[in-house]
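The chain contents come next:
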Amino acid sequence: METLIEGKTKQIESLDDPSIVRIRTKDSLTANDAAIQADLPVAQDKTTQNCNVMYHLKKANIPVAYKMRNDLTSFIAENCKMIPIECVMRRRAFGSYLKREPSKTSGDIFDPLLTEFFHKNAIVGNEMMSEDKARELYLRDGEWTGKVYTDPLIEPSTDTWLLFPPKEPRYDMQPLKYIQPEVDPVTLEYIRRSLMIPCFEILEKAWKKFDVELIDMKIEIGINQNKELVIADVIDNDSWRIWPNGDPKEQLDKQSFRDGEKLTDVQKKYAIVTEYTKKF
């Protein structure tokens, strides 16, 4: 067994069968481009949440990389080549969307569902680099020492992707960079229509059983050994906003950690979400 990739919240380990990997969750939460980090015993909860969610999607015939649970804090998944984009779905206006669209009102409903794409790399000047490298070079004591744009918004066209600041008003936006598309337009539309939208709608329906609103969520897409597009990485309480009774003051997701709530309260919320996902 060899650790292939290790981050602050999980690590990916090789197995004897090269077509699969083990993904192990750490007792850690991060926020604000990992500027905020805390050790918290949430690995078991996050693993359980992901396994429950992926199994639920799998039963609904949504292609996922997830195979099976391995132990309390890890699971087995297909070994995928990851596409370096974050796929975001929004039912209500919140978060960075309101920074881009300040004329909109918090909680405005999107029907049909709003879908957006963000690049996984950071932009510094005219250079693209991994977020890990950007943090190593430019993050000091929780503050960026230069103009760093993480998760730039993608506006795709046929042969070019324009990358924009993700948290600036759209009317002020100037492209940060033009790049070659990571995937072709047909593939991007397949991801949107056949993976993103069905995934959100299935989980939205599951949460509604408990009078919990799924506000928005993000997923990542990989290409498995059979060259198939699948939902990969993880879907857990770090991946969405969920509001009981549609009330943001009752939020159960990682936003409570970002907002500086007591770590013991954050941990309790993760445990509550775990119990909900067991009933999906």
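Residues numbered from 1 in each chain as written. Predicted model: local features only at pLDDT ≥ 70, side-chain atom pairs only at ≥ 80, totals over all residues. Heavy atoms only, no water.

**Student:** Mind laying out the sheet that holds strand E11 (residues 122-124), listing which residues take part and the relevant values?
**Tutor:** Strands sit in the order E12-E11-E15 across an open sheet of three strands; the sheet is antiparallel. Of all strands in the sheet, those bounded by a partner on one side alone are strand E12 (127-129) and strand E15 (148-149). Across two bridges, E11 lies against E15 in antiparallel orientation. Within E15, the position partnered with Ile123 by the bridge is Tyr149. The sheet strands contacting helix H3 (residues 131-138) are E11, E12 and E15, and the helix crosses E12 at an angle near 110 degrees. (Pairing = 2+ DSSP bridges. Helix = DSSP H or I, 4+ residues; strand = E, 2+ residues; numbered from the N terminus. Contact = heavy atoms within 4.5 Å. Axes fitted to C-alpha atoms, helices over the stretch in contact; angles between N-to-C directions.)

**Student:** Lay out the pattern of salt bridges with the relevant residues and their values.
**Tutor:** Within the structure shown, the criterion is met by 23 salt bridges. Two residues, Glu116 and Arg90, come together in a salt bridge whose shortest N-O distance is 2.7 Å. Of this pair, Glu116 sits in strand E10 (residues 109-119) while Arg90 sits in strand E9 (residues 85-92); the two residues are 26 residues apart in sequence, bridging distant segments of the chain. Judged by its relative accessible area of 7%, Glu116 is buried. Using a relative accessible area of 4% as the deciding quantity, one classes Arg90 as buried. The partner of Arg192 in a salt bridge is Glu189, and the shortest N-O contact between them spans 3.2 Å. Linking Arg192 with Glu189, this pair stays in helix H4 (residues 185-208), spanning three residues, or about one helical turn. (Salt bridge = Lys/Arg side-chain N within 4 Å of Asp/Glu carboxyl O. Buried < 20%, exposed > 50% of the residue type's maximum accessible area, 1.4 Å probe, protein only.)

**Student:** Give a description of the packing of helix H1 (residues 43-59) against H4 that names residues and reports values.
**Tutor:** Running from amino to carboxyl end, H1 crosses H4 at an angle of 115 degrees, the nearest separation of the two axes being 10 Å. Here H4 runs roughly perpendicular to H1, going by the angle between their axes. The element H1 and its partner H4 pack so that their crossing is right-handed. Here H1 contributes Val53, His56 and Leu57 to the contact with H4, which in turn contributes Cys199, Ile202, Leu203 and Ala206. Looking at the contact of H1 with H4, its residues break down into six nonpolar, one polar and no charged. (Parallel < 35°, antiparallel > 145°, perpendicular 65-115°, else oblique. Left-handed = near helix turned anticlockwise from the far one by under 90°. Nonpolar A, V, L, I, M, F, W, Y, C, P; charged D, E, K, R; others polar.)

**Student:** Quick rundown of unusual backbone geometry? Include the residues and the values.
**Tutor:** Going from Asp111 to Pro112, the amide bond is cis rather than trans, its omega being 15 degrees. Tracing the backbone through its elements, the reader meets Pro112 in strand E10. For Asp233, which is not a glycine, the phi torsion comes out positive at approximately 60 degrees. Structurally, Asp233 can be placed in the loop between strand E20 (229-232) and strand E21 (240-244). At Asn245, a position not held by glycine, the phi torsion is positive, near 60 degrees. Relative to the helices and strands, Asn245 is located in the loop between E21 and helix H5 (255-258). Of the residues examined, Asn245 reaches a relative accessible area of 57% and is grouped as exposed.

**Student:** I'd love a proper account of the pairing of strand E17 (residues 161-164), names of residues and values included.
**Tutor:** Pairing of strand E16 (residues 153-156) with E17, which is carried by four bridges, proceeds in the antiparallel orientation. Bridge pairing in E17 links Ile154 to Leu163. Here E16 hands over to E17 after four residues, the two strands then running antiparallel side by side.

**Student:** Describe the state of the cysteines, naming the residues involved and giving the relevant values.
**Tutor:** Between two cysteines, a covalent bond joining their sulfur atoms is known as a disulfide. One pass over the full model with this rule turns up zero disulfides. With no disulfide of its own, Cys80 lies 13 Å from the sulfur of Cys87, the closest cysteine sulfur. Residue classification places Cys80 among the buried positions, given a relative accessible area of 17%. (Disulfide = S-S within 2.5 Å.)

**Student:** Describe the nonpolar core, listing the residues and the values that go with them.
**Tutor:** Among the nonpolar cores identified, the biggest contains 55 residues, and Leu57, Leu203, Met217, Ile219, Ile231, Ile235 and Trp240 are the most heavily contacted of them. Discounting residues that sit within four places of it in the chain, Trp240 has contacts with Val53, Leu203, Trp207, Leu214, Asp216, Met217, Ile235, Asp253 and Val273. Ranked by size, the runner-up nonpolar core spans eight residues in total, among them Leu40, Phe257, Val266 and Tyr270. (Core = buried A, V, L, I, M, F, W, Y, C linked by side-chain atoms within 4.5 Å.)

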